[in-house]
Amino acid sequence: IMCASAKYNTRGPALIPRMKTKHRIYYITLFSIVLLGLIATGMFQFWPHSIESSTDWTVEKRSVHDVPVVKLPADSPIPERGDLSCRMHTCFDVYRCGFNPKNKIKVYIYSLKKYVDEYGTLVSNTISREYNELLTAISDSEFYTDDVNRACLFVPSIDVLNQNALRIKETAQALAQLSRWDRGTNHLLFNMLPGGPPDYNTALDVPRDRALLAGGGFSTWTYRQGYDVSIPVYSPLSGEVDLPDRGPGPRRYFILSSQMALHPEYRLELEALQAENGESVLLLDKCTNLSDGVPAVRKRCYKNQVFDYPQVLQESTFCVVLRGARLGQAVLSDVLQAGCVPVIIADSYILPFSEVLDWKRASVVIPEEKMPEMYSILQSIPQRQIEEMQRQARWFWEAYFRSMKAIALATLQIINDRIYPYAAISYEEWNDPPAVKWSSVSNPLFLPLIPPQSQGFTAVVLTYDRVESLFRVITEVSKVPSLSKLLVVWNNQNKNPPEDSLWPKIRVPLKVVRTAENKLSNRFFPYDEIETEAVLAIDDDIIMLTSDELQFGYEVWREFPDRLVGYPGRLHLWDHEMNKWKYESEWTNEVSMVLTGAAFYHKYFNYLYTYKMPGDIKNWVDAHMNCEDIAMNFLVANVTGKSVIKVTPRKKFKCPECTAIDGLSLDQTHMVERSECINKFASVFGTMPLKVVEHRADPVLYKDDFPEKLKSFPNIGSL
Amino acid sequence: MQTRKKYIFLTFLASWLLLFIFGGDQLRRFAFFSGRKAEARRSWPRWTDRSVLKSFADPEELQRDGDPSLLSPRERRAAWLSVYRSSRCRMETCFDLSRCDRHGFKVFTYPQERGQPVSETYSKILSSIERSRYHTPRPEEACLFVLSIDTLDRDRLSGHYVRDVDEKIRGFPLWNGGRNHLIFNLYSGTWPSYTRELGFDIGQAILAKASFDTQSFRPGFDVSIPLFPKEHPQHGGDRGWLHRDSVPPKKKYLLVFKGKRYLTGIGSGTRNALHHIHNGKDIISLTTCKHGKDWEKHKDTRCDKDNVDYERFDYQELLHNSTFCIVPRGRRLGSFRFLEALQAACIPVLLSDGWELPFAEVIDWGKAAVVGSERLLLQIPSAVRCIHPERVLAFQQQTQFLWDAYFSSVDKIVHTTLEIIKDRLSPHRSRSRFLWNALPGGLLVLPDFSTHLGDFPFYYLQHGYSPSKKFTAFIRVVSQAGSLSQPILRLIQAVSGSQYCAQIVVLWSCEKPPPPSGKWPQSSVPLTIIQGRRKLSDRFFPFGAIQTDAVLSLDEDSSLSTSEVDFAFSVWRSFPERIVGFPTQSHFWDAEQQRWGYTSKWTNELSIVLTAAAFYHRYYHSLFTEYLPAGLRELVDGLAACEDILMNVLVAAVTKLPPIKVTQRKQHKEGVAQQAECSEGAAGSPSAPHPAPARAEGTGGSRRFSQRQDCLNQLADWFGYMPLVSSQLRLDPVLFKDQVSVLRKKYPSLEK
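Bear in mind the structure is a predicted one, so any value in this text is a computation, not a measurement.

1. So, the packing of aromatic side chains
All names here are of chain B.
Next up, step 1: Enumeration according to the criterion identifies 73 aromatic pairs over all chains in this entry.
Next up, step 2: Their ring planes at 50 degrees and their centres at 5.9 Å tell us that Phe-108 and Tyr-110 sit as a pair that is tilted.
Next up, step 3: The class of Phe-108 is buried, set by a relative accessible area of 7%.
Next up, step 4: Relative to Tyr-406, the ring of Phe-401 lies with its centre 6.2 Å away and its plane at 65 degrees, an arrangement referred to as edge-to-face.

Below you can see the structure in the form of structure tokens.
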């Protein structure tokens, strides 16, 4: 079975096939002829049809009044009442959804009908604007299917958003006669205004048997956790009024109540609050003396002052959302839109999308009994947190409240996540506003583990043809106690590596991998041969590092396994004259990068470098044959948000036979190129992820007045 | 050779022709079919009159959703009390919040009655509560009550089953219909149906139960707890088994199960099917029929072969070597297997429909487990194969975090239960879902300290905050002298010279009143004096005067220079969750004496940074004072010098990381006589801030030394393990002692 996830080549760059060139050419020619033939066949056979099918995508254009009429006999069956014990595993037929590589449920929408009773009287309004928008959104989404046989979820076109607008018994009968009703299994109803006088039930009263309910205004007693979906009550004002995002910050009023027709008992409590705290509490009500033509719903009054609604909500830090006859209130949507932090006072209310949204980050929930303490409770919230809640509130509105489309898609996604939990959207994706998603990092190696010393590290030496120097490096590195394996990446395609017998004899396994192309990226490939977490990337000319120095580097890496741990450090600087980044290799007091000529890091970053490097950085590095180390520094800093660790005093890789590519080289072009890399990478990452620090790691007793022979790392090297 | 080539060529040609003639036609028909389908695809119509459709509700109707004739809110709440009881209990209706107003969240455990044996597990639960900071011995203070009757095992066939619970409970004057009571249960019901029956009326009590099913679970009221074995440790607990992060996961098996197959009865449906996914390669699913006395009676044709296969694999070996572990329901919904898999970092694949997962009210299980459906067992192999390697790694790490934060000991399970209930009492002062699911976990984050993530040392990176740019110097003074000594004057001068110093707070822990403000040196930063209570643990009290994230904790005789302070602070800003300081000590396991040893000698390692000169986050003051139980602070107050060890142990237990040592100048004040102490004994001796190499341990010194060693062992005992972690490094300025011009160096004075 195919996976949606990409299959990663775990073997590494392909080894060169050992076929003789002559034969190879022959086979390739033969193969390409056959392939060409196949393609031609395909073109010839399929071409015309594929053009035809892609254009046929008809959208009906009719009037709502023209839809067929269905007459419901008085004795047509009525579904059972909703079953409170329903859960996904008892009332939902998962077999209809099946396993599919996209992990998406398929949603079918019944076509629109007009239902009348025996006497020809309409059962309900055919369809409301909002329900039409909702169905349009589903139909345009990836979830939609027009094939009733492939559907996993069915959405009736019978509009039950507002219970007051429909006849309960007849609506139920209309539901029961749907072609795939089957006791309501896998059917989803959307309702925003449930219940009616006098008792105002908190869930839709229409008998619906096993159907799922996406309802606004559930209480903990009617909400079937993990089965129903709690949705907001849509506020049509969202579409009419454009409230620009005011951004977080202090506002004129501290608490504002804008709801009309509050219960007198609540109003008394609010008035007491106002009497106690004065101006900072604003208590609005409906206006009594408005001139004609002014819509009452767009104005609010306090004594003789008239305020525009919902604009006035932007003037307050906190906005009270009290329950009315129903638990769900449309004002919640207006409040969020205004970036005002809702203070929700509605005991037992299930907040919209509470299955996935973390309302504690966007609202304050206060038990009804604690209403008198509201002011002091709100005052105890730190200002910085209030600002975040304001931002969060606005984000919730933008993502999940602003349109019927947003509400519909969030609802379907929640159900989708239940059916394909292993592909579910994460908490962060649901809850983090874009600004947080941008500025935050989620470290893939977040568990504070100090890897056991016994694991050791694998040294990966990238080499081209400097065999003599390579052998010296191998001999030197093999003296490091924690080395567990040595891997030579032979990057030269034109020359074979030396014969087995010529290699230095060392105490750990030595493996040679040959690469298909001479690319710098080969150094950072996650070879299967690397069995340890720790990788020491080392150039084939780094012979000056002492065994103590390397062992200490490994010990430091163990304490910081999610960082790059290296020897010479480098710095990036902002060049004010040129208005761009500059690479600095002077001996400064700060570091932000380490050279990977010798550096320890986690193998995971090899995987990231090879498969997850953003943009075209990898190709850029291979094309320029430079800056692979800077790219690695960027990558690690970007994903962890942490700085590098420079170890020991080492400032440069000085060696007699080294050629030009010493980091400290005064070669002007080299410096220019490196600076260019930094600017290029910063623009690809969209930010400068590198972190500047002033410290380096030395052994605890480094340069202390203490007998050298008692120190763990006496020979720690020099500059 | 030539003929072979010819044959190959001919074969190719022939297959091509065949494909053209037959296959092409087949494919064509298929394409035509799907083409027609696309043609027929119909979306929801764009109604011509959609713009004139009416809204679902009149704006007036939406905004004036009230009805003054309705029950008043107070009446409605009163009415709820009588309607929503027992099986429909909620915090609003069955829990008396007012009991918690005056004394806060306090838990009372009923005294043990004689002749009332309690199982080992239940006594662990009780002692966890008694060890917690919420315990109170006075019922009149209590907000929550826990019975002394063992209600864990309500299986009638079990030896631990307690009879006549109803009768006993009714005899308790505090019972009050179960209001504000918390009842623990691990097993309910019995063979063959294993119902949720407890065998007594719990009334309005909160039920903390293992294997909770979603239907009887009262959301927001009950707590689902994990099933744990009776050997589960009281505190501490083993660490998880994940020692390495690898991508792709380097495990021998992808998915394993080894367990019983029920031939009949509840749960047999799922267990009977498990063998179907066994492939003998990377998916091992083994079942045995052997259990119970009369298994042979029900035995089917598979049994004998299965039983043989079953013996070939070892459960522990499978657990260690698999990426995913199937955790199916047993007779009951939960199983020991769940925690075993969690600890083993073997990602649980749950096949237990309708199980309210442990602590699901706060834990986001989607990050640590694959919640499968019993009905879709056969899809499981392909589903887990398709999970990206990065996600697998994240899953694995999350299992370890959750195991360590909430499950590894009875203490943690019980404390999590209590914290969940406490969070419900004041929703505005509770932990967000994020806090529960991110390191270091909900138990270590006190919402009473702050509800803002940026006020804690743990979330800077995840939320793009950075720690404050200034610090508070916090100096403890215990010396007797009526006037200010030279060292403290020098210290104030050095510290206030730092550009990052926001304020200086002096904790005056002497009988004598502090000198008048005129006597204190003039400095550029504000100086506050707090009169202490002369307890050692005082120095870690969360004083309101400390306003910055960073605290520089100092003793009066510490000697620091401005650049040392500056450099250390710059390091702390990179490691805000750790203690960053100067003099250090280390611990080690003394194999001879079978106890933890402690040394202040110069060593190549360090695990304790003395708080006589150290930076740390001010939140640790709150953790020290609020999170640790009073008993532990009393222990420290009783000993001469151990409070700093406790602080180090606490921070290490929270972060699992070692402290950080930074460069320190050579000390000039070797051998300065110890300050005269303000009183004998109680206040303890201020420690010398620097570990002298090979210091001659005098009698006072050796007493102090042995006290610290004892303290270390007592703390390890209390935590259940040794939290301290060793480090082999010291952080120095980048150019420290390098042979370059002093003029280049930012911190040249550190090298003197």
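2. Comments concerning the sheet that holds strand S20 (residues 660-662) of chain B
Hydrogen bonds between backbone groups are what pair the strands of a sheet, and the pairing can be parallel or antiparallel.
Next up, step 1: Overall, mixed pairing links the nine strands, which are arranged S25(A)-S21(B)-S20(B)-S15(B)-S19(B)-S14(B)-S11(B)-S12(B)-S13(B) in an open sheet. Lying at the two open borders of the sheet, with one neighbouring strand each, are strand S25 (695-699) of chain A together with strand S13 (527-531) of chain B.
Next up, step 2: As defined by bridge partners, S20(B) adjoins strand S21 (residues 729-733) of chain B across two bridges and the pair is classed as parallel. Pairing of B:Lys661 across the sheet is with B:Arg730, part of S21(B).
Next up, step 3: In the packing of helix H18 (residues 562-574) of chain B onto the sheet, contacts are made with S25 of chain A together with strand S11 (471-477), strand S14 (550-555), strand S15 (580-581), strand S19 (613-617), S20 and S21 of chain B, and the angle to S19(B) comes to roughly 30 degrees.

3. Here we look at the interface of chain B and chain A
Next up, step 1: Facing 151 residues of chain B, the contacting portion of chain A comprises 178 residues.
Next up, step 2: When the two sides are added together, the surface that chain B and chain A hide from each other amounts to roughly 14,800 Å², 57% of it contributed by carbon and sulfur.
Next up, step 3: A per-residue breakdown of the area chain B buries against chain A is headed by B:Trp44, B:Phe56 and B:Arg375, which together make up 6% of the total.
Next up, step 4: Applying the counting rule to chain B against chain A returns 14 salt bridges.
Next up, step 5: For B:Asp65, the salt bridge goes to A:Arg326, with nearest N and O atoms at 3.0 Å.
Next up, step 6: The tally of links from chain B across to chain A stands at 79 residue pairs in polar contact (both at pLDDT 80 or more).

4. Looking at the nonpolar core
Next up, step 1: Core analysis: the biggest nonpolar cluster contains 124 residues, and A:Phe681, B:Phe471 and B:Phe615 have the highest contact counts within it.
Next up, step 2: Other than its neighbours up to four places away in sequence, B:Phe615 contacts B:Phe471, B:Ala550, B:Val551, B:Leu552, B:Val565, B:Ala568, B:Phe569, B:Trp572, B:Arg578, B:Ile579 and B:Val580.
Next up, step 3: A:Leu112, A:Leu284, A:Val356 and B:Ala57 belong to the second-largest nonpolar core, a separate cluster that totals 107 residues.

5. So, the packing of helix H15 (residues 603-611) of chain A against helix H17 (residues 628-640) of chain A
Residues and elements named next belong to chain A.
Next up, step 1: Taken N-terminus to C-terminus, the directions of H15 and H17 make an angle of 105 degrees; their axes are 10 Å apart at the nearest point. On the basis of the axis angle, H15 is roughly perpendicular to H17. From H15, Phe-605, Asn-606, Leu-608 and Tyr-609 reach across to H17, where they touch Glu-628, Ala-631, Met-632, Leu-635, Val-636, Val-639 and Thr-640.

6. Describing the side chain of A:Gln314
All names here are of chain A.
Next up, step 1: Within the secondary structure, Gln-314 is located in the loop between strand S11 (305-308) and strand S12 (316-322).
Next up, step 2: Overall, Gln-314 belongs to the buried group, its relative accessible area being 8%.
Next up, step 3: Discounting residues that sit within four places of it in the chain, Gln-314 has contacts with Leu-243, Pro-244, Arg-246, Arg-251 and Ala-338.

7. Focus on the state of the cysteines
Residue and element names in this part refer to chain B.
Next up, step 1: The tally for this structure, following the rule as stated, stands at ten disulfides over all chains.
Next up, step 2: Between the sulfur of Cys-89 and that of Cys-94 lies a disulfide, 1.9 Å long from S to S. When the S-S torsion is -80 degrees, as for the bridge of Cys-89 with Cys-94, the disulfide is left-handed. For the pair Cys-89 and Cys-94, a shared accessibility class is recorded, and that class is buried.

8. What to know about the domain arrangement of chain B
Residue and element names in this part refer to chain B.
Next up, step 1: Each assigned domain of chain B is listed here: domain 1 (86-237 + 409-443), domain 2 (253-405) and domain 3 (471-664 + 704-731).
Next up, step 2: Taking both partners together, domain 1 and domain 2 bury about 2,700 Å²; carbon and sulfur atoms supply 60% of that area.
Next up, step 3: Here domain 1 and domain 2 share three salt bridges between them.
Next up, step 4: The partner of Asp-404 in a salt bridge is Lys-412, with the nearest N and O atoms 4.0 Å apart.

9. Some remarks on the domain arrangement of chain A
Residue and element names in this part refer to chain A.
Next up, step 1: Assigned domains within chain A: domain 1 (64-234 + 403-432), domain 2 (241-399) and domain 3 (453-697).
Next up, step 2: Measuring from the centre of the C-alpha atoms in domain 1 to the corresponding centre in domain 2 gives 30 Å.
Next up, step 3: The interface is formed by 31 residues belonging to domain 1 together with 22 residues belonging to domain 2.
Next up, step 4: Note on domain 1 versus domain 2: buried area summed over both sides is about 2,200 Å², and carbon and sulfur give 58% of it.
Next up, step 5: Three residues stand out in domain 1 for area buried against domain 2, namely Ser-230, Val-233 and Asn-431, and they jointly supply 24% of the buried area on that side.

10. Thoughts on the UniProt feature "domain: Exostosin GT47" (unreviewed entry) in chain B
Next up, step 1: In the numbering used here, UniProt assigns the feature "domain: Exostosin GT47" (unreviewed entry) to residues 104-384 of chain B.
Next up, step 2: Helix and strand shares over residues 104-384 of chain B are 20% and 16% respectively, and the end C-alpha atoms of the span are 46 Å apart.

11. A short note on a nonpolar patch on the surface
Next up, step 1: Together, A:Phe31, A:Leu35, A:Leu36 and A:Ile39 make up a nonpolar patch on the protein surface, roughly 410 Å² of accessible area in all.
Next up, step 2: The exposure class of A:Ile39 is partly exposed, given its relative accessible area of 47%.

12. Thoughts on the pairing of S14(B)
Residues and elements named next belong to chain B.
Next up, step 1: Most of S14 sits inside the fold, with six of its six residues counted as buried.
Next up, step 2: Covered by surrounding structure in S14 are Ala-550, Leu-552 and Leu-554 together with Val-551, Ser-553 and Asp-555, the residues of both alternating faces.
Next up, step 3: Pairing analysis gives six bridges linking S11 to S14, with the strands arranged parallel. Within the sheet, the bridge partner assigned to Ile-475 lies in S14 and is Leu-554.
Next up, step 4: Two elements, S14 and S19, share five bridges in a ladder whose sense is antiparallel.

13. Considering the UniProt feature "domain: Exostosin GT47" (unreviewed entry) in chain A
Next up, step 1: The residues that UniProt annotates with the feature "domain: Exostosin GT47" (unreviewed entry) are residues 102-381 of chain A.
Next up, step 2: Span residues 102-381 of chain A is 19% helix and 18% strand, its end C-alpha atoms 43 Å apart.

14. Digging into the environment of B:Thr451
Next up, step 1: Locating B:Thr451 in the fold gives a position in the loop between helix H15 (433-436) and helix H16 (460-463).
Next up, step 2: On a C-alpha basis, the gap between B:Thr451 and B:Arg431 in space is 7.1 Å, while along the polypeptide they are 20 residues apart.
Next up, step 3: In this structure B:Thr451 touches A:Pro382, A:Gln385, B:His428, B:Arg429 and B:Ser430, once residues within four positions along its chain are discounted.

15. Quick look at the confidence of the model for chain A
Residue and element names in this part refer to chain A.
Next up, step 1: Here chain A averages 89 in pLDDT, while 92% of its residues score no lower than 70.
Next up, step 2: The low-confidence segment residues 48-57, where pLDDT is below 50, has nine contacts with residues more than four positions distant or belonging to other chains.
Next up, step 3: The low-confidence segment residues 656-665, where pLDDT is below 50, has 17 contacts with residues more than four positions distant or belonging to other chains.

16. Some points on the confidence of the model for chain B
Detailed reading of the predicted coordinates is not advisable wherever pLDDT falls low.
Residue and element names in this part refer to chain B.
Next up, step 1: Of the residues in chain B, 90% have a pLDDT of 70 or more, and the chain-wide mean is 87.
Next up, step 2: A low-confidence stretch, residues 28-39 (pLDDT under 50), is modelled with twelve contacts involving residues beyond four sequence positions or located in other chains.
Next up, step 3: Low confidence marks residues 668-697, where pLDDT is under 50. Its contacts with residues over four positions away, or in another chain, come to 57 contacts.

17. Some words on unusual backbone geometry
Next up, step 1: The omega torsion of the bond from B:Val247 to B:Pro248 falls at -10 degrees, within 30 degrees of zero and hence cis.
Next up, step 2: For B:Pro248, the position within the fold is in the loop between strand S5 (223-224) and strand S6 (253-260).
Next up, step 3: A cis amide bond links B:Leu439 to the next residue, B:Pro440, at an omega of 0 degrees.
Next up, step 4: Within the chain, A:Tyr200 stands out as a residue other than glycine whose phi angle is a positive 45 degrees.

18. Some remarks on the side chain of A:Lys651
Next up, step 1: Inspection of the secondary structure puts A:Lys651 in the loop between strand S24 (645-646) and helix H18 (668-685).
Next up, step 2: Residue classification places A:Lys651 among the buried residues on the basis of a relative accessible area of 6%.
Next up, step 3: Reaching out from A:Lys651, the side chain makes a polar contact with the backbone oxygen of A:Pro649 at a distance of 2.7 Å.
Next up, step 4: Reaching out from A:Lys651, the side chain makes a polar contact with the backbone oxygen of B:Val734 at a distance of 3.4 Å.

Conventions adopted
Residues numbered from 1 in each chain as written. Chains lettered and ligands numbered in written order. Predicted model: local features only at pLDDT ≥ 70, side-chain atom pairs only at ≥ 80, totals over all residues. Heavy atoms only, no water. Phe/Tyr/Trp six-rings, centres within 6.5 Å; stacked < 30°, edge-to-face > 60°. Buried < 20%, exposed > 50% of the residue type's maximum accessible area, 1.4 Å probe, protein only. Pairing = 2+ DSSP bridges. Helix = DSSP H or I, 4+ residues; strand = E, 2+ residues; numbered from the N terminus. Contact = heavy atoms within 4.5 Å. Axes fitted to C-alpha atoms, helices over the stretch in contact; angles between N-to-C directions. Buried area = accessible area lost by both parts, 1.4 Å probe. Salt bridge = Lys/Arg side-chain N within 4 Å of Asp/Glu carboxyl O. Polar contact = N/O pair within 3.5 Å; in protein donor to acceptor, adjacent residues only side chain to side chain. Core = buried A, V, L, I, M, F, W, Y, C linked by side-chain atoms within 4.5 Å. Parallel < 35°, antiparallel > 145°, perpendicular 65-115°, else oblique. Disulfide = S-S within 2.5 Å. Domains from an automatic or database assignment. UniProt positions renumbered as here; feature names shortened; annotations may be inferred. Patch = residues over 30% accessible without salt bridge, like charges linked within 9 Å, V, L, I, M, F, W, Y side chains within 5 Å. Areas by Shrake-Rupley, 256 points an atom, 1.4 Å probe, with all protein chains shown as cover. pLDDT = per-residue confidence, 0-100.

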